[in-house]
Amino acid sequence: MQGDASKGSGLIRGRFDEGLDEVMEQINASIGFDRKMAAQDIKGSLAHVAMLCEQDIISQADATAIKDGLEVIRAEIATGAFAYSVELEDIHMNIESRLRELIGATAGRLHTARSRNDQVATSFRLWVRDAHDRTSQLILQLVESLAAQAGQHAETIMPGFTHMQSAQPISFGHHLMAYVEMFGRDHGRFRDSRERMNESPLGAAALAGTSFPIDRGRTAELLGFARPMRNSLDAVSDRDFAIEYLSSASLCMTHLSRLAEEIVLWMSPQFGFIELSDAWTTGSSIMPQKRNPDAAELVRGKTGRVHGALIGLLTVMKALPLTFSKDMQEDKETTFDAVETLELCLKAMIGMMGDMKPRVSEMRAAAGTAHATATDLADWLTRELGMPFREAHHITGRLVRLADERKSSLDELSLQEMQEVDPRITADVFTVLGVEDSVTSRRSVGGTSPERVAQEVEEWRSRLDRLRAK
Ligand code: ARG
């Protein structure tokens, strides 16, 4: 079935006699999702119309009428009174059409020296820039809640793992501060790409620029962009700014997912390292004893959506010749979803990190199993007896086997038993076999000693103040 060419997208169908096929209308429309950019579209139009007036391209009276009309539309959208139409294809045409209803033919002057190509590039850039600012704030909040837990638990001891096997005892605070480093780098990646993307495409027009005497520097300034983009073809045809956001978001989700996975493990009765309150857990419909870390599982599970958005947009863009092609309309839906997903997951993780109660004695007990101080023993043999480390490693291995045979821990072996393996060993060895001794002794830069961890927490607190002040 075909529509009437004078209706709907008739605003731009002067040369057509007939309307769109229904399926054509459906595949062509983006209003279902790009309505999220209404505020940014209006902001871009207000800057454009102000500049057109300052440059004497349109009259003051027309500019005022357009500005007032746009303000009415802004209010209609805010209150939910605005009627979106699929026939009008996208948010840009919906707003322009409503402006025509409100102020008549003068509305048509708004599109002077502008195309939907630079218009959509501007709206979407503004939207992604807003997303950057929210995301960066959330990451700093997460860093703050991780650092707060780390500060309280610099001296809480847990097993550190490699290959998911107990490796060496570490400070729980140190473990959390590892995530602070990761999220700190994520924050840096978002800030770097925000700076790179903060240039204005507006005024590139369809692709080649315009013959009107516009002032692109002025619209850039009004929109808070650092400068106009230098090449009109590039301005309307790249979406690298969204790809960069999605790339940083994907990495951030990977970090969130790893932390989420640890929460799931730590919450299991087999580990029993942490507790989450009722506010952050769910029950089972059949097994009354259960307390499930669903939020952590969902953070882990939602990671795929964000990674998918990145691969999706890279794929949309990969073979597009310059400049605009309608394929690029596919940039928004998944980007919006990825931004919302990342923000939700960051909020969930901030909540869980504030809520989490480490079970200090359970962690400490686990840290004392599985000969976690074997490396300390090998280090002692090397340092105190002057053995090459490889030989010390071998002798320690024999002592571990002996302890296993006796079903004891290393520090429960007698000096005599140790001396049967190597007669040079003295009673001094027992000073390094304790779990606390082991953790305290690792004072090297970046190491796990509680003293170092406390310093790192302090360092990050002042770094947070500096980042927030920017
Ligand atoms: N809705 C379109 C988009 O999201 C707007 C740009 C349309 N431009 C065009 N020349 N058809 O990309």
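What you see is a predicted model; the values in this text were computed from it and never measured. (Residues numbered from 1 in each chain as written. Predicted model: local features only at pLDDT ≥ 70, side-chain atom pairs only at ≥ 80, totals over all residues. Heavy atoms only, no water.)

With an omega dihedral of 5°, the bond running from Leu322 to Thr323 counts as a cis peptide bond. On the secondary structure map, Thr323 appears in the loop between α11 (294-317) and α12 (332-355). Positive phi outside glycine occurs at Ala205, with the angle close to 55°. For Ala205, the location among the structural elements is in the loop between β5 (199-200) and α8 (216-222). Despite not being glycine, Lys407 shows a phi value in the positive range, around 55°. One can find Lys407 in the loop between α15 (389-405) and α16 (415-421). (Helix = DSSP H or I, 4+ residues; strand = E, 2+ residues; numbered from the N terminus.)

Turning our eyes to something else, we now look at the nonpolar core. Counting residues in hydrophobic clusters, the biggest one holds 94 residues, and the most contacted among them are Phe183, Leu256 and Met349. Broken down by element, the residue count for this core peaks at 15 residues, all from helix α10 (residues 240-267). (Core = buried A, V, L, I, M, F, W, Y, C linked by side-chain atoms within 4.5 Å. Buried < 20%, exposed > 50% of the residue type's maximum accessible area, 1.4 Å probe, protein only.)

Once that is clear, we can look at the site of the ligand. For the ligand, the full set of nearby residues is Ser30, Asp34, Asp90, Arg116, Asn117, Val120, Phe324, Gln329 and Lys332. For the ligand, a nitrogen atom lies 3.2 Å from a polar atom in the side chain of Ser30. Between Asn117 and the ligand, the recorded distance is 3.0 Å, taken from a side-chain N or O atom to a nitrogen atom. With three residues, the top contributor of residues to the shell around the ligand is helix α6 (residues 116-152). Partitioned by chemical class, the residues of the shell around the ligand number two nonpolar, three polar and four charged. (Near = heavy atom within 4 Å. Polar contact = N/O pair within 3.5 Å; in protein donor to acceptor, adjacent residues only side chain to side chain. Nonpolar A, V, L, I, M, F, W, Y, C, P; charged D, E, K, R; others polar.)

Along the polypeptide, Lys302 turns up in helix α11. Not counting the four nearest positions on each side in its chain, Lys302 is found in contact with Met253, Thr341, Leu344 and Cys345. (Contact = heavy atoms within 4.5 Å.)

Moving on to the state of the cysteines. Going through the model one piece at a time under the given rule, you end up with zero disulfides. Of the cysteine sulfurs around Cys252, a residue in no disulfide, the closest is that of Cys345, at 9.3 Å. The exposure class of Cys252 is buried, given its relative accessible area of 0%. (Disulfide = S-S within 2.5 Å.)

Another aspect to go through is the side chain of Thr341. For Thr341, the location among the structural elements is in helix α12. Exposure remark for Thr341: the relative accessible area of 4% places this residue in the buried category. If sequence neighbours within four positions are ignored, Thr341 has contacts with Lys302, Arg305 and Val306.

Okay, the packing of aromatic side chains next. Under the criterion given, the structure shown has nine aromatic pairs. Plain terms: the ring middles of Phe271 and Phe273 are 5.2 Å apart, the flat faces sit at 80° to each other, and that makes the pair edge-to-face. A network of ring pairs unites the aromatic residues Phe124, Trp127, Phe241 and Phe336 as a single cluster. The residue whose ring lies beneath Arg129 is Phe225, and the NZ or CZ to ring-centre distance is 4.9 Å. (Phe/Tyr/Trp six-rings, centres within 6.5 Å; stacked < 30°, edge-to-face > 60°. Lys NZ or Arg CZ within 6 Å of the ring centre and 35° of its normal.)

What follows is about the side chain of Glu199. Along the chain, the position of Glu199 falls in strand β5. Reaching out from Glu199, the side chain makes a polar contact with the side chain of Arg227 at a distance of 2.7 Å. If we skip the residues at most four places from it in the chain, Glu199 touches Arg125, Phe225, Arg227 and Met229.

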